[in-house]
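Structural characterization, general
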Amino acid sequence: MKFSCTQENLYQGLQVVSHATSKNNTLPILNNVLLKIENKELKLLSTNLEIAVNATVRAKIEEVGEITAPAKLLLEYLSVCPPGKIDIELKGADIKIQTQNDNTLVKGVLSQDFPFVPPINKTISYGLSVQDFKQALQKVMFAVSKNEARPELCGVFMDFNSNKEGVLTLAATDSYRLAEKKMSLLGNFGDKQYNKEAQKVIVPGKTIQEVLRVISLFHEDEAQTPLEISIQDSQIVFSYGTVEIYSRLIEGKYPDYTQIIPHQFKTSTQIQVSEWIKRIKAASLFSNTGVQGVVFEFFGGNEQKVVISSVSGQTGEHTSSVLSKLDGENNKITLNYRYLLDGLMNLLVEEAELQIVSSESPCVLRPKGVEDYLYIIMPIRQ
Amino acid sequence: MSPQQIWQVILGELELTLSKANFTTWFKNTFIGEFTEHGDVVVCVPSTFYKTWLERRFHQTLIKLIEKTSGKPIRTLNFKVGTGKTNLPFVVNNTDQNSLTETQPEEKPSLVEFKIPNYTFATPPSTLPINQNTINNTQTSSNFSQKNEFSVLDTSLVSYTLNPKHTFEGFVVGKGSELAHAAAQAVAARPGEAYNPLFIYGGVGLGKTHLMQAIGNSVLAKDTSKRVIYTSSERFTNEYIHSIRSGKGKEFKDLYRNVDLLIIDDIQFISGKESTQEEFFHTFNTLHQNNKQVVISSDRPPKAIKLLESRLLSRFEWGMIADVAPPDLETRIAILEAKCKEKAYNLEKKIVTLIAELVQNNVRELEGALNKIIAYHELKNTPPTEGLVRSLISNLENYASRKILSPKYVLQVISSFYGVALEDLLGKSREKRLAYPRQIIMYLLREEMKLSFPTIGDELGGRDHTTAMHACDKIRREIDSSSRVRETITQLKQQLYAA
């Protein structure tokens, strides 16, 4: 194996893949990144057997070959390496890295024990706008359950086309709150026609984090290329530019959550998101540590206000009143402030709507005038 | 054999040929999902990563192993991504939901989960109430899930399991092993009830392991569904350390705390390992509380195990303590005859008696001597004569036990045994903790090395010869009257002559 490339390219490639190396695994080779020359391209690959990340790096190839090396070591070395040309040559299992002034030898491990990435047919895929997808993931990801007793809730539910053709529905819930976001799928990109089949999968929360991390590493100007998703054989692959992220899917049936979305409300309030975030943070300081409840009282008619209050045996109590435009009857609900803040902070808009049925049934938070996102919270029973 | 058993056997074999890392990584949570009559096998694996790897690296090996183990030709071997758990249907029973709402405390504020028809958030699927028509389905699934959790450690059982040769029938009972044998049989007949724990101790090669494995084999012969673990304390320690390092503490606990019979060999090696002792203590308590049998062996009685925590000590003494003593002449003859029969080899009565007379220490040596004579016979094709046997065995003996001692070595061994400094032993102080070991040394120097009393006195810091005489008399008297002292002396001799 012999090739030359720039420090910048190799470093970016390693940044993309090295995060997927495994920690605390019994197989030490999983801490390594595979450097492989294939079809006159340099490919970097790492995996923890749940996720695999593959990046192609621009390089001038002189000799083919492959080797694995500790990902962290390579990454740290390259981060302090001067920018510019790097020559890399393999001698046995030793990787010789040469820059203008440095001569480095990294001890590698032969690649025969490195796992294979399960092959997947990428000709049939769904296409998405990266920026939209990134936002959509951010809006649902926080609601993913961390309780592994229910594996199906530990992932983001992705429903392609079955709600409506051309629409991807993303949902996540931990059984106390639920976030659902709809976004459009691309029909084609250039000549490439995208899949229109309906399909439902559950993608592990960790994979979603990794996808978000990787797509955030790239600059805005590269955002024109769509992100492609292929699904096969309980496996999913996200391809974006030179990067591919492979992951297993969570098996199981996602609960039919649509049944819990309320459609009739008794009270509906317009809220200013940044104002409410401040008020709720203030009230949160005086909420009980256990259920973290904050009480919301809605007054319609002439008053048109919401009173936010909390009482804690330890820290004290707090009441604040916010003028808000209100439709419907007076109402009262107790919510976990953490859950509500999660929703408000990920709305990414200033004006929103909070809709309540009663103190016993779920309430809905959604951006004002937009139908594609909703966030549902179960109230705290008093 | 059921597909599960076949898979366990295969895993046991693979574990021996693969590195630990490779084995645990790639075969964790795998199982045979399908095994048809025509030889179509489907192996379930956790994800496509495993699938690809096993397809490319282990396809041929696995086919061979499955054919060998099951004795059937294999037509196809496929891998499928799947866990046994997912086949479980979500069934919600109405009454159950009501009872759930009732148990919610109404007065206190509490977080309420969503309610979705046909889906329950409240209970994890495995403990769901089951509808009549799904019973079979669910039962197999829950079996699978249990298997999955255990599979990593479970496989270790296969490779380190009971030796089917060790049965009660094959054990020759002598005077020295009568009690241990009877206790073991009682335990095998009523595990968890008769004597719990059963603690067997005795020197090397006297049949402790044989008896313990016989208990396991007999329990399994009666009921194959019983979970029996036979392990050594060293292995227990290693697995415990490994489980901590790899974050599998729970699996370790699940494995050892869910058995019907736990047999631990050579428990003395646990001494000084504090956290292993603690883990073992909790394991022991859990098992004992659930009336699960525990059988332990050691080369010395519980009290003589150094650095053993007192709470463990008292627990070991809780049930039954039985010792296995070296066999007497008649027993040795009986053992030799049994071995000859087993090997289908005819040996003159006279020769058998001679061997039994010459080899006194332990059964393993006895068998070794017999093997040597048989091998000699088969090689040279001459029947063994008395003289030949004598010369062959004297060789053996010279090797094994007649080590030449020096007074310095005896002093070292005793001082480390009692944990006192050599200088103190040679010094002036007559504290009890020093005086007693000193007397033991004098006794051993006299008995084992035939030193004169004045020399003994000189070796121990210039003491008078009468002191040495008194010491020897005293210890000799104690040996006659106290079995504890006798044991101590035997042990010390073992240590002196150990390599």
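Residues numbered from 1 in each chain as written. Chains lettered and ligands numbered in written order. Predicted model: local features only at pLDDT ≥ 70, side-chain atom pairs only at ≥ 80, totals over all residues. Heavy atoms only, no water.

Side note on the overall build of chain A
Across its full length, chain A holds 6 helices and 29 strands. Going through the 382 residues of chain A one by one, you find that 54% of them count as buried. Carbon and sulfur atoms make up 48% of the accessible area of chain A, which totals about 17,000 Å². (Helix = DSSP H or I, 4+ residues; strand = E, 2+ residues; numbered from the N terminus. Buried < 20%, exposed > 50% of the residue type's maximum accessible area, 1.4 Å probe, protein only. Areas by Shrake-Rupley, 256 points an atom, 1.4 Å probe, with all protein chains shown as cover.)

Quick notes on the overall build of chain B
Along the backbone of chain B there are 22 helices and 9 strands. Classification of the 499 residues of chain B by burial places 46% in the buried group. For chain B, the proportion of contacts with a sequence separation of at least 24, taken over those separated by at least 6, is 73%. In the structure as shown, chain B presents an accessible area of about 25,300 Å², 51% of it carried by carbon and sulfur atoms. (Contact = heavy atoms within 4.5 Å.)

Here's the deal with the sheet that holds strand β1 (residues 2-6) of chain A
Residues and elements named next belong to chain A. Across the sheet, 5 strands lie side by side as β5-β1-β7-β8-β9; this open sheet has antiparallel pairing. The open sheet has two edge strands, β5 (60-63) and β9 (103-107), and neither has a second partner. Geometrically, the sheet is characterised by an average inter-axis angle of 20° between neighbouring strands, direction not taken into account. Relative to strand β7 (residues 85-91), β1 runs antiparallel, the two sharing 5 bridges. The residue bridging Cys5 from the neighbouring strand is Ile86, located in β7. (Pairing = 2+ DSSP bridges. Axes fitted to C-alpha atoms, helices over the stretch in contact; angles between N-to-C directions.)

Notes on the packing of aromatic side chains
According to the stated counting rule, one finds 24 aromatic pairs over all chains in the structure shown. Both rings, one in Phe116 of chain A and one in Trp53 of chain B, keep their centres 5.1 Å apart while their planes meet at 40°; by these two values the pair is tilted. With Phe116 of chain A in the loop between β9 and β10 (126-128) and Trp53 of chain B in helix α3 (residues 48-57), the pair connects residues from two separate chains. Consider the rings of Phe236 of chain B and Tyr256 of chain B, whose centres lie 5.0 Å apart with planes at 70°: the pair is edge-to-face. Separated by 20 residues along the polypeptide, Phe236 of chain B in helix α9 (residues 233-245) and Tyr256 of chain B in helix α10 (residues 249-257) bring together distant segments of the chain. Across the pair, exposure class does not vary: Phe236 of chain B and Tyr256 of chain B are buried alike. In textbook terms, an aromatic cluster arises when at least three aromatic residues are bridged by ring pairs, as seen for Phe199, Phe236, Tyr240, Phe252, Tyr256, Phe280, Phe284 and Phe316 of chain B. Note that Lys139 of chain A overlies the ring of Tyr373 of chain A, its terminal NZ or CZ placed 5.3 Å from the centroid. The ring of Phe116 of chain A is capped by Arg56 of chain B, whose NZ or CZ atom sits 4.4 Å from the centre of that ring. (Phe/Tyr/Trp six-rings, centres within 6.5 Å; stacked < 30°, edge-to-face > 60°. Lys NZ or Arg CZ within 6 Å of the ring centre and 35° of its normal.)

A look at the sheet that holds strand β5 (residues 198-202) of chain B
Residues and elements named next belong to chain B. Spatial ordering of the open sheet is given by β6-β7-β8-β5-β9, a layout of 5 strands whose pairing is parallel. Edge positions in the sheet fall to β6 (228-232) and β9 (320-324), since each has one partner strand and no second. On average, each strand axis in the sheet is inclined to that of its neighbour by 15°, with strand direction left out of account. As defined by bridge partners, β5 adjoins strand β8 (residues 293-298) across 4 bridges and the pair is classed as parallel. Across the sheet, Phe199 pairs through a bridge with Ile296, a residue of β8. The strands that α9 touches are β6 and β7 (261-265); relative to β6, the one it contacts most, it runs at about 95°. In the packing of helix α11 (residues 274-289) onto the sheet, contacts are made with β7 and β8, and the angle to β8 comes to roughly 140°.

A few points about α11 of chain B
Residues and elements named next belong to chain B. Its 16 residues place the ends of α11 22 Å apart at the C-alpha level, agreeing with the 22 Å of an ideal helix rising 1.5 Å per residue. Every buried residue of α11 is listed here: Thr276, Gln277, Glu279, Phe280, Phe281, Thr283, Phe284, Asn285, Leu287 and His288. Close packing links the buried residues of α11 with α9, α10, β7, β8 and α12 (310-316). Asn291, located one to two residues past α11, shows a positive phi value of around 60°. (Expected span 1.5 Å × (residues − 1).)

A look at unusual backbone geometry
For the bond running from Asn196 of chain B to Pro197 of chain B, omega is -5°, close enough to zero to count as cis. Following the sequence through the fold, Pro197 of chain B ends up in the loop between α7 (178-189) and β5. One non-glycine residue, Leu49 of chain A, lies in the positive phi region at around 75°. With respect to the helices, strands and loops of the structure, Leu49 of chain A is situated in the loop between β3 (41-47) and β4 (51-57).

Re the confidence of the model for chain B
Residues and elements named next belong to chain B. Scored by pLDDT, chain B comes out at a mean of 77, with 83% of its residues at no less than 70. Confidence drops under pLDDT 50 across residues 85-107; counting only partners more than four residues distant or on other chains, this segment forms 37 contacts. Scored below 50 in pLDDT, residues 122-160 shows 75 contacts in the model against residues more than four places distant or in partner chains. The ipTM value of the predicted complex is 0.72, and its pTM value is 0.55. (pLDDT = per-residue confidence, 0-100.)

Focus on the pattern of salt bridges
All names here are of chain A. Across all of its chains, the model carries 34 salt bridges over all chains by this definition. Residues Glu38 and Lys36 are paired through a salt bridge, measuring 3.3 Å at the closest nitrogen-oxygen approach. Taking relative accessible area as the criterion, Glu38 reaches 29% and is therefore assigned partly exposed. The class of Lys36 is partly exposed, set by a relative accessible area of 25%. (Salt bridge = Lys/Arg side-chain N within 4 Å of Asp/Glu carboxyl O.)

Focus: the packing of α10 of chain B against α11 of chain B
Helices that pack against each other are described as a pair by the angle of their axes relative to one another and the distance between those axes. Residue and element names in this part refer to chain B. Interhelical geometry of α10 versus α11 gives an angle of 45° and a closest axis separation of 9 Å. By the angle between their directions, the pair α10 and α11 is classed as oblique. Our pair here, α10 against α11, has a crossing hand that is right-handed. Contact with α10, carried on its side by Phe252, Lys253, Tyr256 and Arg257, involves Glu279, His282, Thr283, Thr286 and Leu287 of α11 and no other residues of that element. In terms of residue class, the contact of α10 with α11 is built from 3 nonpolar, 3 polar and 3 charged. (Parallel < 35°, antiparallel > 145°, perpendicular 65-115°, else oblique. Left-handed = near helix turned anticlockwise from the far one by under 90°. Nonpolar A, V, L, I, M, F, W, Y, C, P; charged D, E, K, R; others polar.)

What about helix α17 (residues 407-418) of chain B?
Three- or four-residue spacings in an α-helix give side chains the same orientation, since the helix completes a turn every 3.6 residues. Residue and element names in this part refer to chain B. Taking 1.5 Å of rise per residue, 12 residues should cover 16 Å, and α17 covers 17 Å from first to last C-alpha, within 8% of that figure. What α17 keeps buried is the set Pro407, Val410, Leu411, Val413, Ile414, Ser415 and Phe417. Of the surrounding secondary structure, the elements contacted by the buried residues of α17 are α18 (422-426), α19 (432-449), α20 (453-459) and α22 (483-497). Where α17 ends, the next residue or the one after it, Gly419, has phi of about 65°, a positive value.

Notes on the side chain of Gln277 of chain B
By the element assignment, Gln277 of chain B lies in helix α11. Apart from the residues within four sequence positions on either side, Gln277 of chain B is in contact with Ile270, Ser271, Gly272, Leu307, Leu308, Glu309 and Leu312 of chain B.

Considerations on the side chain of Thr169 of chain A
All names here are of chain A. Mapped onto the elements, Thr169 comes out in strand β12 (residues 167-173). Given the relative accessible area of 0%, Thr169 is considered buried. In this structure the side chain of Thr169 is engaged in a polar contact, spanning 3.1 Å, whose partner is the side chain of Asn163. Look past the residues within four positions of Thr169 in its chain and what remains in contact with it is Phe157, Met158, Asp159, Asn163, Glu180, Lys181, Lys182 and Tyr257. (Polar contact = N/O pair within 3.5 Å; in protein donor to acceptor, adjacent residues only side chain to side chain.)

Concerning the pairing of β8 of chain B
Residue and element names in this part refer to chain B. Here β8 lies mainly inside the structure; 6 of its 6 residues are buried. Residues Gln293, Val295 and Ser297 line one face of β8 and the alternating positions Val294, Ile296 and Ser298 line the opposite face, and both faces are buried. Note that the unit made of β7, α11 and β8 has a crossover that is right-handed. (Right-handed = clockwise from strand over helix to strand, strands pointing away.)

Focus: the packing of helix α1 (residues 7-18) of chain A against helix α2 (residues 71-79) of chain A
Residue and element names in this part refer to chain A. In the contact formed by α1 and α2, the axes pass within 10 Å of each other and the chain directions differ by 145°. Note on packing geometry: the crossing formed by α1 with α2 is left-handed. Only Ala71, Leu74, Leu75, Leu78 and Ser79 of α2 make contact with α1, whose side of the interface consists of Gln7, Leu10, Tyr11, Leu14, Gln15 and Ser18. Grouping the constituent residues of the contact of α1 with α2 by class yields 7 nonpolar, 4 polar and no charged.

Points about the nonpolar core
Counting residues in hydrophobic clusters, the biggest one holds 96 residues, and the most contacted among them are Phe133, Met158, Leu170, Ile229, Phe296 and Leu344 of chain A. Dropping the residues within four chain positions of it, Phe296 of chain A is found in contact with Trp276, Ile280, Val306, Val307, Ile308, Asn331, Lys332, Ile333, Leu335 and Leu340 of chain A. Ranked by size, the runner-up nonpolar core spans 41 residues in total, among them Leu45 and Val237 of chain A together with Ile6 and Leu14 of chain B. (Core = buried A, V, L, I, M, F, W, Y, C linked by side-chain atoms within 4.5 Å.)

Overview of the UniProt feature "binding site: ATP" (unreviewed entry) in chain B
Residues and elements named next belong to chain B. UniProt marks Gly205, Gly207, Lys208 and Thr209 with the feature "binding site: ATP" (unreviewed entry), using the numbering shown here. With respect to the element layout, Lys208 can be found in helix α8 (residues 208-222). Accessibility expressed as a relative area gives 7% for Lys208, which makes it buried. In this structure Lys208 touches Ile200, Tyr201, Gly202, Gly203, Ser297, Ser298 and Val324, once residues within four positions along its chain are discounted. Within the local environment of Lys208, its side chain forms a polar contact with the backbone oxygen of Gly202, the two atoms lying 3.0 Å apart. What makes Thr209 partly exposed here is its relative accessible area of 24%. Not counting chain neighbours up to four residues away, the residues in contact with Thr209 comprise His166, Tyr230 and Asp265. (UniProt positions renumbered as here; feature names shortened; annotations may be inferred.)

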